[in-house]
Amino acid sequence: MSDVVLDFRSATKSFGGLKAVDGLSFQVYQGEILSLIGPNGSGKTTTFNLITGLYEPDSGDILLKGESIAGLRPDQIHRKGISRTFQLLRLFSNMTVLENVMVGTHSHTSAGIFSSALRLPKMRREEVRATAKAKEILDMFPGRFSGGRQSQPAYSLSYANRRRLEIARALASDPSLLLLDEPVAGMNPAETREVMEQIKDLRDRGYTILMIEHDMNVIMGASDRVIAMDHGVKIAEGDPTTVANDPAVVEAYLGRRGADAAS
Amino acid sequence: MANVFSGMGQRLRQAPRWTFSLAALVLAITFPLLEQAGLMDTLWLRLGTRTLVYVLLALGLNLVLGETGLLHLGYVAFFAVGAYTTAILSSPRLGYHWNFWAIMGLAIAVSSLFGFVVGFPTLRLRGDYLAIVTLAFGEITRITFNNWESVTNGPGGIPGIYPPVIFGWLVDKPIEFYYLLLIAVVLVVIVLTNIKNSRIGRAWNALREDEIAANHAGVRSMGMKMLAVVISSGIAGLAGAIFAYYQQFINPTYFIFMQSVIVVCMVVLGGMGSIPGAIAGAVVLDMTPEVIRQVFTNWLPSALGPDFLPQVQTAMQTDFDRYRMLLFGIIIVLMVIFRPEGLLPNALWRREVHEEDPREAEHTRQRLFDFEEGHKDLEV
Amino acid sequence: MSFDHVFSLTVSGITVGMIYALIALGYTMVYGVLELINFAHGEVFTVGGYIAATTLIWAGIDTTTPLWVKIGYFALAIVLSVSLTAFLGWLIERVAYRPLRGSSRIIALLSAIGVSLILQNSLILIYGPEPIIMPTSMVPSGFVEPFGVRIRTLQFVIIGASIVLMGILTYIVKSTRIGKAMRATSQDMEAAEMMGIDTNRTISFTFVIGSGLAAIGGFLVAMYYGSLQYDTGFLYGLKAFTAAVLGGIGNIPGAVVGSLILGLAEVWGVGLELGLLAWLFVGGLAIGLYFQLVRAPKARVGHISDEARTPEYEHKIAGLYRLAPFTSMRTILGERKDALADVSARHAMRLFSGNVVLAVFAVMFFMNGDVQFASKWQHAISFAVLMAILMFRPSGILGDNIQEKV
């Protein structure tokens, strides 16, 4: 819990007059699972989009291992070691399962147009390596993507497997920070439990994870630390139980009267 | 009977893909020999040569429209650039007579460069805007060729393009152009197939499927789209150069917007993102109308007597081009509504309707449920 | 370069602009509710003109026909053309667009191109490729002379009719039930549906209104130029689309403003000497510089967070805009210390490059001061406008900031 992977320094992003993220600051440490919670519209996904370069912050700065990444393009940020999943699935539906994961290795391969057009040996070796890497990642989800399923198109998968495939694609680039946007959204309790174990397993393999989640069981069960947001600002930070009992958090979710009733 | 056919279809489907490619290649190679043997009118050889030009164009456009998902409506402009480069450098117009290889290289380079210049400002735009802007660019190109009289001779066009000399061989007969084009097509198909099965091809497909997700998987939109546009403009330039040599005369009317639309039709009909599809689309769309015309004006009258449906015969002879474009319009609309994946779809392509997983629809309810669960925790 | 010349060019520009506006409104309304570029709209316009012209030709009037009969046929032509064209618009939406709702934009656009091909070639099959000629006795042929300049009465008729139609349209969109449904649908189709609005009916209505306006546009063009050809609508459609984008697509007043600007730009561009055009570009440059030096820095300084706000920092951000090429390049190439400076530097460079383009054109035109644009470049002008606007400001003049959507 010492090395800072991501340093989010008082970044602000506004849309028109609305400040979606307002001077938010936090750090993500090496090897932890940090959860971002908050009511809808509290700026969690905007925070993700700022980190991955979909939006540029209006002010403030974002540092990955001490290096500023604010204002870079998403592909540059991916190359620097941040990959993500999306709240609403964004798979490459008409590509196979294996190809989906192999797209994730794009940053780590370099074959140019000529070596690809002529199938030069260097390109072939690289292709073999990328395929092996993708298969290795898919094997981390035992029984889900075995054998023939890897050459099926992604749209043929079940909903839960599509969510898993998105995680696999994000893992293919060996990210130093993995962002998961509601990884268990829409899953049933058994699937939720399985994905939760999977996420913990990823942490044990050394990945650093920042996730947005609504499912309290996952938040309490998997995260090492929790940050609660409301109206674009941080209202609480700490271990899961502390944050869950924080009066400001209860108020953000339930409103003042609800909070009074709860206390 | 039905059983026999379905069994045959089954066996055909199980045959490896390369057998089809081989069969198509053999067919393409033997086609002009029929003419040489006197079994076929020269008209068909000329038609076959034109079809191969369209095949090249369809292959090039498929790269942009099918693989990368960019609707380019000014594609014929690159074809025009290639053709005019050749015409200017190998005709009495300005008195140049360059070597074939130099002109080929230059035509490809100039049209690729043109693609780069066009792509640079426009590729940031989203799909349908890109389509309109490229359309505008294509029209500006044509207007420029039409008005730049000192070089292009304006609407009069450039006549008398010298035939090319390749390794000491003077190429000026249709059959020679046919084989020249066939070689170009085979080379282009090999190169495109290789690129399609590489990280670059995957990146293109990813951009087509979901641009934002592709960016977040490390694919740079601008660079990859630019690559696709530059390569496809180069292919169009190549096609244009050979076309100019073959026609020996070009003018701006060869490069009207409708030509772009015809190539788009070919790609859509064949199946976007499928190389065999692009070829099949070009062959079917370019050959079928001519076959229909021949059936009604030539074969049926000679078989059933010359007074066979005289009105149809005159209509076929005079208004045929319009019927053809009307037919193309109907084909596009029917195809996108009923079979958007095309005749020979990319193996994985599916209809672009959203398959709703019931659990996805329940997403919101589930979240409310989760929220209540969370609420219990918060109460503790 | 007399006042007379400029005045008559201006009236012509407004006339052409008003016709563009009638077509552009259809594009912009359909885009507003469906986010679809209705590529076949230009052909709908042609069909409208053809129907009106056919009616008048069929009526077979000559100079001896009494005025009230003429007026009767005139009204009949309008009614027939508007109602049949509106039906055509409805039919196109029903057959070619509705089954594709929810699929990708490219697919929908392809279908639109198909429809446009079908309409164009059906016109050729029915009428032949030659232009259809309006009976001259039906076209108002008088002249008026405001400020001593001879202007065709027809131009004022076109301008007046367009203003009336736009007034009616504004009333429909602003104050009627179906207009409110249209606005709600364009805001958020799903939400509108949940509020009990029949969105399918609303969309059909939008197509009907847009096609009706285009039909009148076709009629006016046929009267103004005396003839109409099967592919007239292709160019007019593209230009009207340009106008809609110029004003901010999806925005109804924007379509009118954009059309007027485009109409004037075309007519002035061809009719004025380049020296005079150069002054217009100087005017544009002045506005551009005002934005670069005054408005944009002020807006950007407002983004500085309170804890970072120091006079030096404010000065630095503002300086990025004032000395764009020097400081921005240093910021873009140099280390990224600060997101705000980086974003500002790119913004400054964009504004700067736009101003450079304007300046270059102004200088080029001054150098050829006494020459005119040949009229054969007329179409290229609007295409160039379209590309420039999409490159530098895709949201258009009056549009919301839809850059992300584009």
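Reading the values: rules and limits
- Residues numbered from 1 in each chain as written.
- Chains lettered and ligands numbered in written order.
- Predicted model: local features only at pLDDT ≥ 70, side-chain atom pairs only at ≥ 80, totals over all residues.
- Helix = DSSP H or I, 4+ residues; strand = E, 2+ residues; numbered from the N terminus.
- Buried ≥ 20, exposed ≤ 12 C-beta atoms within 10 Å, placed from the backbone.
- Contact = placed C-beta atoms within 7 Å.
- Core = buried A, V, L, I, M, F, W, Y, C linked by C-beta atoms within 7 Å.
- Nonpolar A, V, L, I, M, F, W, Y, C, P; charged D, E, K, R; others polar.
- Pairing = 2+ DSSP bridges.

I'd like to hear about the overall build of chain B, residue by residue, with values.
Counting its secondary structure elements, chain B contains 17 helices and 6 strands. Looking at chain B residue by residue over its 380 residues, the buried ones come to 47%. Taking as baseline every contact in chain B between residues at least 6 positions apart, the subset at least 24 positions apart corresponds to 77%.

Can you break down the nonpolar core residue by residue, with the values?
Formed by 290 residues in total, the largest nonpolar core has its most connected members in L56(B), A58(B), C265(B) and M266(B). Sorting elements by how many residues they give to this core places helix α1 (residues 3-34) of chain C first, with 16 residues. Setting aside anything within four residues of it in sequence, one finds A58(B) in contact with V263(B), M266(B), V267(B), G270(B), A278(B), I279(B), G281(B) and A282(B). By size, the runner-up hydrophobic cluster in this structure holds 8 residues, among which are L272(C), L277(C), A278(C) and F365(C).

Would you mind going over the interface of chain A and chain C in detail, with residue names and values included?
Interface size, as often reported, equals the accessible area lost upon joining of the parts. Contacts between chain A and chain C engage 12 residues on the former and 12 residues on the latter. When residues of the side of chain A that touches chain C are traced back to their parent elements, those giving at least two are β1 (4-15) and β4 (59-64) of chain A. Sort the elements by how many residues they give to the side of chain A that touches chain C and β4(A) lands first, with 3 residues. Considering only residue class, the side of chain A that touches chain C consists of 2 nonpolar, 7 polar and 3 charged.

An account of unusual backbone geometry is needed here, citing residue identities and associated values.
All names here are of chain A. Of note, the phi angle at R119 is positive, near 50°, even though the residue is not glycine. One can find R119 in the loop between α4 (113-118) and α5 (121-139). For R119, a count of 18 C-beta atoms within 10 Å puts it in the partly exposed group.

Provide a residue-level description of the environment of F8(A), including the pertinent values.
Residue and element names in this part refer to chain A. Residue position: F8 is located in strand β1. With 42 residues separating them along the chain, F8 and L50 place their C-alpha atoms 9.6 Å apart. Among residues more than four places away in sequence, those in contact with F8 are L24, S25, F26 and I62.

Could you give an account of the pairing of strand β2 (residues 18-29) of chain A, with specific residues and numbers?
All names here are of chain A. For β1 and β2, the ladder comprises 8 bridges, and the chain directions are antiparallel. What sits directly across from F15, in β2, is L18. The antiparallel hairpin formed by β1 and β2 contains 2 residues in its connecting segment, where G16 sits at a positive phi of about 60°.

Lay out the environment of V110(B) with the relevant residues and their values.
All names here are of chain B. Within the element layout of this structure, V110 appears in helix α5 (residues 100-122). Considered as a pair, V110 and V291 are 181 residues apart in the sequence and their alpha carbons are 36 Å apart. Residue contacts for V110: discarding those within four places in its chain leaves V81, T85 and G237.

Please give an account of the pairing of strand β3 (residues 33-37) of chain A that cites residues and values.
Residues and elements named next belong to chain A. Of all the 5 residues making up β3, 5 are buried; the element is thus mostly covered by neighbouring parts of the structure. Residues of β3 alternate between two faces, with I33, S35 and I37 on one and L34 and L36 on the opposite face, all of them buried. Bridge analysis of β3 against strand β8 (residues 209-212) gives 4 bridges, and the strand direction is parallel. Paired with I33 across the strands is I209, a residue of β8. Bridge count between β3 and strand β9 (residues 225-230): 4 bridges; the pairing is parallel. In the sheet register, I37 faces β9, and the bridge partner there is A228.

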